[in-house]
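Overview (structure and organization)
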Amino acid sequence: MKIETIAIHAGNKTDDATKAVIQPIVMSTTFEREVDGSYVNGYIYSRAANPNRHQLEKVLAKLERGVEAAAFSSGNAAGMAVFQSLAPGTHIICPDDMYHGLRNQIKILFAGILTFDFIDINNEATLKANIRPETVLIWVETPSNPLLKVTDIKKVIAIAKQHQIKVVVDSTFATPVFQRPLELGADLVMHSSTKYFGGHSDLMGGALITAVKDEWWAKIRQVQEMGGAIPSPMDCYYLVRSLKTLPYRMRGHEHNAHLLTAFLEQQPNVESVMYPGLTSHPQHQIAKDQMLGFGAMFSFCVKGGADAAKQVLSKLKLFTIATSLGGVESLIEHRASVEGPDTKTPQNLLRVSVGLEHIDDLIADMEQALE
Ligand SMILES: *Cc1c(COP(=O)(O)O)cnc(C)c1O
């Protein structure tokens, strides 16, 4: 089945009890037990499993072409479940421009527990040189945040496989509409559901999807259940609802991103535009080969430094100055300010999450702000 059909039907089942076409929200934290101790429908307690979470996990697994998914209360909780599932003392390799929230999580919460290196994983020699006997995991984030670097997933996996190293891909920017890392050989895919999956900037969530149900996956399930960083039945319901329109939303977002980045590239006071869909992007060909679309996240650098960039921000009317991404409304931010004093992000860089407003209005707003 095509992704549009999967998105609508995968998590949906007419309710047996009421014949409701849309699955009801089950708020109950606990489920009735038989006298013999058994549970008729398999549900015991909502931290372990809940019908709405079950439905959400089914859709997520199918969308990513995986065998099973685990839903979490945030993207960071999903990432944390991966790191908590690893044996103390093991070594992980992460990209040097990894999402700063997860980079800080590893550096601060896993210091002394895991060992890690943040490197340019796009550089084959650097990647190979950083593999140690105790390396168990390579973390990939593509396209990356906020520089929109694209990593050749297959190439990283080929190197990892030679050393029995697992590969996790944070595919938040791409979504399964535009990228299917499991089909390229990744072991796990990670998402911040807060972004395009939710799509309306009104809920937090995270997800892991696995290619195989092995011992490692069982451990991750254990972290999910015992750690308890699970999404509420309401949030699961909203996510299932939002995912139904994901393919069409992504198409609209991408359409706008193509036209807006093409416009920006022509502007005299724009220094550079970072978007995998542009032929000027250094990894445009890799993106073209491994992705089904280029997404709708991009960054651009304004000529004249941080002050010039902030002046553009102050003049924009339709783009809200806010962090996060993937909502129907366009957002923009001065990324270096968000990432703090030790950031390597250029001071004149603005990161844009292109929304679903009409492209003419978005271009007109950008045009007046850049004047
Ligand atoms: C937002 C984000 C995360 C973290 O997700 P939260 O839902 O904010 O915890 C991880 N990776 C990427 C690429 C993100 O954009």
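For the structure itself, consult the block above.
Every chain's residues receive numbers from 1 upward, in the order its sequence appears when written. The predicted nature of this model means local features are confined to residues of pLDDT at least 70 and side-chain atom pairs, given and counted, to a pLDDT of 80 or more, with totals for whole chains, interfaces and linings taken over all residues. For side-chain calculations, the full set of non-hydrogen atoms in the structure is used, while hydrogens and water are omitted.

So, the pairing of strand β7 (residues 206-210)
- Here the term buried applies to any residue with accessible area under 20% of the maximum for its type, exposed to any over 50%, and partly exposed to those in between, with areas from a 1.4 Å probe on protein chains only. Counting from the N terminus, the helices are DSSP H or I runs at least four residues long and the strands are E runs at least two residues long. Burial analysis of β7 places 5 of its 5 residues in the buried class, the great majority of the element.
- Burial along β7 is two-sided: the face carrying Gly206, Leu208 and Thr210 and the face carrying Ala207 and Ile209 are both buried.
- At least two bridges found by DSSP between two strands are what make those strands a pair. In terms of strand pairing, strand β6 (residues 188-192) meets β7 through 5 bridges, oriented antiparallel. The residue bridging Leu188 from the neighbouring strand is Thr210, located in β7.

Remarks on the sheet that holds β6
- Pairing is mixed across the open sheet formed by 7 strands, whose spatial order is β1-β7-β6-β5-β4-β2-β3. Strands at the two margins of the open sheet, each flanked by one partner only, are β1 (68-72) and β3 (115-119). Ignoring strand direction, the axes of neighbouring strands in this sheet form an average angle of 20°.
- The sheet contact formed by β1 and β7 spans 5 bridges and is antiparallel. Note that in β7 the partner of Ala71 across the bridge is Ala207.
- Residue contacts are defined here by distance: any two heavy atoms, one from each residue, within 4.5 Å place the two residues in contact. Each axis is a line fitted through C-alpha atoms, and for a helix only the stretch in contact is used; angles between axes span 0 to 180 degrees, taken between their N-to-C directions. Together, β1 and β7 form the strand contacts of helix α2 (residues 51-63), whose direction differs from that of β1 by roughly 125°.
- On top of the sheet, helix α4 (residues 100-109) reaches β2 (91-95), β3, β4 (135-141), β5 (166-170) and β6; it is set at about 145° to β3, its chief contact.

Some words on the layout of surface pockets
- Put simply, the largest pocket is a space of about 610 Å³.
- Using a 1 Å grid laid over the protein atoms alone, points where a 1.4 Å probe fits but cannot get out form a cavity; open sets with protein on both sides within 12 Å along at least 5 of 7 lines form a pocket; any residue with an atom within 4 Å of a point counts as lining. Together, 22 residues line the largest pocket, and Asp15, Gln23, Asn41, Tyr43 and Pro51 are the ones closest to its centre. Grid points are joined across faces, edges and corners, and a volume is the space filled by probe spheres set on the points.

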